[in-house]
Number of protein chains: 2
Amino acid sequence: MASQTHNPASTDARIVISVDAMGGDKGPAAVVAGLVASIARLPDLDVILHGDESVLQPLLAHERTLAQRVTLRHAARVVTMEDKPSQVMRHGLGTSMWATIEAVRDGEAAAAVSCGNTGALMAVSMLRLRKLPGVGRPAIASLFPTPGGDKQNVMLDMGADVKADPANLLQYAVMGVSYARNGMGLARPRVGLLNVGTEEHKGRPELHEANGLLARHAATGEFDYIGYVEGTDILSERVDVIVTDGFTGNVALKTAEGTARLVSSLMRQALTSTVFSRLGALLAARALRRLQRRIDPRRVNGGVFLGLKGTVVKSHGGADATGIAAAIGLAHRLAKAGLTERIAARVASFEAAGQDAASGGPGNDAGTGSVSSE
Amino acid sequence: MASQTHNPASTDARIVISVDAMGGDKGPAAVVAGLVASIARLPDLDVILHGDESVLQPLLAHERTLAQRVTLRHAARVVTMEDKPSQVMRHGLGTSMWATIEAVRDGEAAAAVSCGNTGALMAVSMLRLRKLPGVGRPAIASLFPTPGGDKQNVMLDMGADVKADPANLLQYAVMGVSYARNGMGLARPRVGLLNVGTEEHKGRPELHEANGLLARHAATGEFDYIGYVEGTDILSERVDVIVTDGFTGNVALKTAEGTARLVSSLMRQALTSTVFSRLGALLAARALRRLQRRIDPRRVNGGVFLGLKGTVVKSHGGADATGIAAAIGLAHRLAKAGLTERIAARVASFEAAGQDAASGGPGNDAGTGSVSSE
């Protein structure tokens, strides 16, 4: 299959996703299983799969449906979870992760999916894809569950960078809104700025500045700005896009993961503690399994890198077949919607308007503001 | 009862706690109910209760056991959740919150408990009690549940201040260790510094500096420094005291609260979704109620203000009788252990050793370092 000449990118109206088969905690078998599910579900999807041929060929051979739609590309090396991003940037050529990104750079694929080392994936994506014109800092956006059925909230940055100035935060909002609009189908997302309270005077000075910027530019960005939100709102229905710096975002994401894991483990303890609870658990088993799935951090998949010349979906390192399929499905949806081009256009429109973070006014002057500085 | 002359502070070996009856979401009745439970459980506890006499007198009249051990002090005004800290600092005289703190300042009570407005309580505590000599920034410490039975983790700062420099973070560690030792009975607490990864190179520059400071001063502070921890570790058993700035701590606390609340609500949904699950829930009802209690943020009580000339326990605004009793119990335990004096001694010993945040060495030179600067 590695030698087949079928070029999916040239096929009209087909969506090609570049997938890294290696580097996840559950190994290439989980990736291939996720692939099979995605291929079955999405008729216009083709995949370029990167990884060790000797491992992948036997996995793919079992799946006849894949022959026409998966192109296998051999990559001898793997980026491990322990590899430092700086090392991978210098010596990453020949790894499946590098090749996965390269296929997007070369225009063969419309988006990339990997469940490997996040830092390395961000470094390689930055190096090979480069930032979109006008983007100050790319960001990682993650999804959070809410009480409202399938509704998920978008939060960014989750750790692409540990700091963000007010202009970066405005750009995160613009990119997060594009993601919510094209990935989640929300026409006019509500944006909130994460702070330690909702009162005007609370929080760090740079947040007060970002608060002003977001309020002034909400109309241009076609979103509703609802002001400050708190940690309790991240998983609520009162907001769609939560904007914060990468340090705070990463801590919030991992705290939510840790809390969900603790509650699940305590629930298991509780339901096996007495004869009655064990019997009850047996009767409620299906409902409880559904709940476990819903709050399992491995399933809330798809950190998406925004602001690069190409969409990259970072699947959770511990993702199983369902998780991989969710990540591929998300990449497919974002590629089909042309997310990269839409973000580029949004950022450019802000740049053209000369929106200056420092000026404070909503003017149309031609000055180049820090929002648009690279 | 308001006129009784019995002065609990003068009674030998009795522990007097000053309690604010007003300002909580559930009203004075919940506070009195919590008081009754505490009084019954702790034979050496006496209480000075502050609030509206016309409301409190009837509540107390029902409880004969309280007559000898509760001194009622009338305060006509109440600090509401909407009041700004700056206003309360200027015009707070005459409120029950102000009087609650004043009793500690005057030496009548050994510690204070309030479930009112956190910002206002911190402002009044700072203003009236003042910082301990050598303390740069006071901090709020909160408790987090873990999978290990009753073990709880201490995390600080939860929002006394939105920023912290490396010397502040070292002092938070010293104060948090005193709290864990005297409040939780941990002889040699393990301290972790919250970051976005556990690798040396990750995170903000000021964290790298704090990381070095903590490693060098762990022996002096009689704690084990385990290095960086992540959001997932906050609710784990690998650490006892988690150190971070007040912005990050506040977001983490509220994210954990929001996640626990979401999971509880999804659990309720799941357990009422089918006939079988409803029957199962009925059988497992007791175990599930115990679980709900354990993860209910209103029960994980007691934000404690550290670094002031007096211990102040901030009970959750939504605390019920059980929550209030937990907060009073904690205040009693910390007062009995002499937490304030112990923190003062620890901070002074660091100051005497002239530990300089900038010097980098564990030297015993007499220079006044930024750790000890006020």
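The numbering scheme is per chain: residues are counted from 1 as the chain's sequence reads. The order in which chains are written sets their letters, starting at A; the order in which ligands are written sets their numbers, starting at 1. This being a predicted model, a pLDDT of at least 70 is required before a residue's local features are given, and a value of 80 or more before pairs of side-chain atoms are given or counted; all residues contribute to the totals for chains, interfaces and linings. Side-chain measures here rest on the full set of heavy atoms in the structure, leaving out hydrogens and waters.

Residues and elements named next belong to chain A. Domain delimitation follows an automatic or database domain assignment. Along its sequence, chain A is carved into domain 1 (8-129 + 301-337) and domain 2 (142-296 + 342-352). Summarising the inter-unit geometry, the C-alpha centres of domain 1 and domain 2 are found 25 Å apart. Between two residues, a contact is recorded if the distance between any of their heavy atoms is within 4.5 Å. With 12 residues of domain 1 at the interface, the matching set in domain 2 holds 13 residues. Summing both sides of the interface, domain 1 and domain 2 together bury roughly 910 Å²; the carbon and sulfur share of this comes to 65%. Three residues, Leu306, Leu334 and Ala337, lead the burial of domain 1 against domain 2; their summed loss comes to 46% of the area buried on that side. The working definition used for a salt bridge is a side-chain nitrogen of Lys or Arg within 4 Å of a carboxyl oxygen of Asp or Glu. Counting every contact that joins domain 1 to domain 2 gives 0 salt bridges. Polar contact is the term for a pair of N or O atoms within 3.5 Å; when the atoms are in protein, one must be able to donate a hydrogen and the other to accept it, and sequence-neighboring residues count only if both atoms are side-chain atoms. At the boundary of domain 1 and domain 2, one finds 2 residue pairs in polar contact (both at pLDDT 80 or more). Secondary structure elements follow DSSP: runs of H or I of four or more residues count as helices, runs of E of two or more count as strands, with numbering from the N terminus. Secondary structure elements with two or more residues in the side of domain 1 that touches domain 2: β10 (303-306) and α11 (321-336). Using a 1.4 Å probe, buried area is obtained as the accessible area two parts lose upon being combined, added over both of them.

Another aspect to go through is the sheet that holds strand β5 (residues 139-145) of chain A. Residue and element names in this part refer to chain A. As summarised here, the arrangement of the 11 strands in space is β3-β2-β1-β4-β11-β10-β5-β6-β9-β7-β8, forming an open sheet in which the pairing is mixed. Pairing within the sheet leaves two strands with one partner each, and these edge strands are β3 (70-74) and β8 (224-229). Across this sheet, the average inter-strand angle for adjacent strands is 25°, counted without regard to direction. At least two DSSP bridges between two strands are needed for those strands to be called paired. Relative to strand β9 (residues 241-243), strand β6 (residues 152-156) is paired through 3 bridges, and the arrangement is parallel. From the neighbouring strand, valine 154 faces β9, where its bridge partner is valine 241. Helix axes use the C-alpha atoms of the stretch in contact, all axes being lines fitted to C-alpha atoms, and the angles between their N-to-C directions lie in the range 0 to 180 degrees.

Next up on the list: the interface of chain A and chain B. Taken together, the contact between chain A and chain B spans 54 residues of the former and 54 residues of the latter. Counting the contacts that link chain A with chain B gives 4 salt bridges. Residues aspartate 245 of chain B and arginine 204 of chain A are paired through a salt bridge, measuring 3.0 Å at the closest nitrogen-oxygen approach. Our count for the chain A to chain B interface comes out at 10 residue pairs in polar contact (both at pLDDT 80 or more). When residue character is reported, Ala, Val, Leu, Ile, Met, Phe, Trp, Tyr, Cys and Pro are called nonpolar, Asp, Glu, Lys and Arg charged, and the others, Gly included, polar. The residue makeup of the side of chain A that touches chain B, split by class, is 28 nonpolar, 17 polar and 9 charged.

We call a residue buried when its accessible area falls under 20% of the maximum for its residue type, exposed when it is over 50%, and partly exposed in between, using a 1.4 Å probe and counting protein chains only. Buried residues dominate β6 of chain A, accounting for 4 of its 5 residues. Taking the residues between adjacent antiparallel strands as the criterion, β5 of chain A and β6 of chain A are bridged by 6 residues, where glycine 149 of chain A takes a positive phi near 55°.

This part takes up the nonpolar core. Residues belong to a common nonpolar core when they are buried Ala, Val, Leu, Ile, Met, Phe, Trp, Tyr or Cys residues joined through side-chain atoms within 4.5 Å. One finds Leu49 of chain A together with Leu49 of chain B to be the most contacted residues of the largest nonpolar core, which totals 224 residues. Excluding residues that lie within four positions of it along the chain, leucine 49 of chain B makes contacts with Val19, Ala21, Val31, Val32, Leu35, Leu56, Leu60, Val70, Thr71, Leu72 and Arg73 of chain B.

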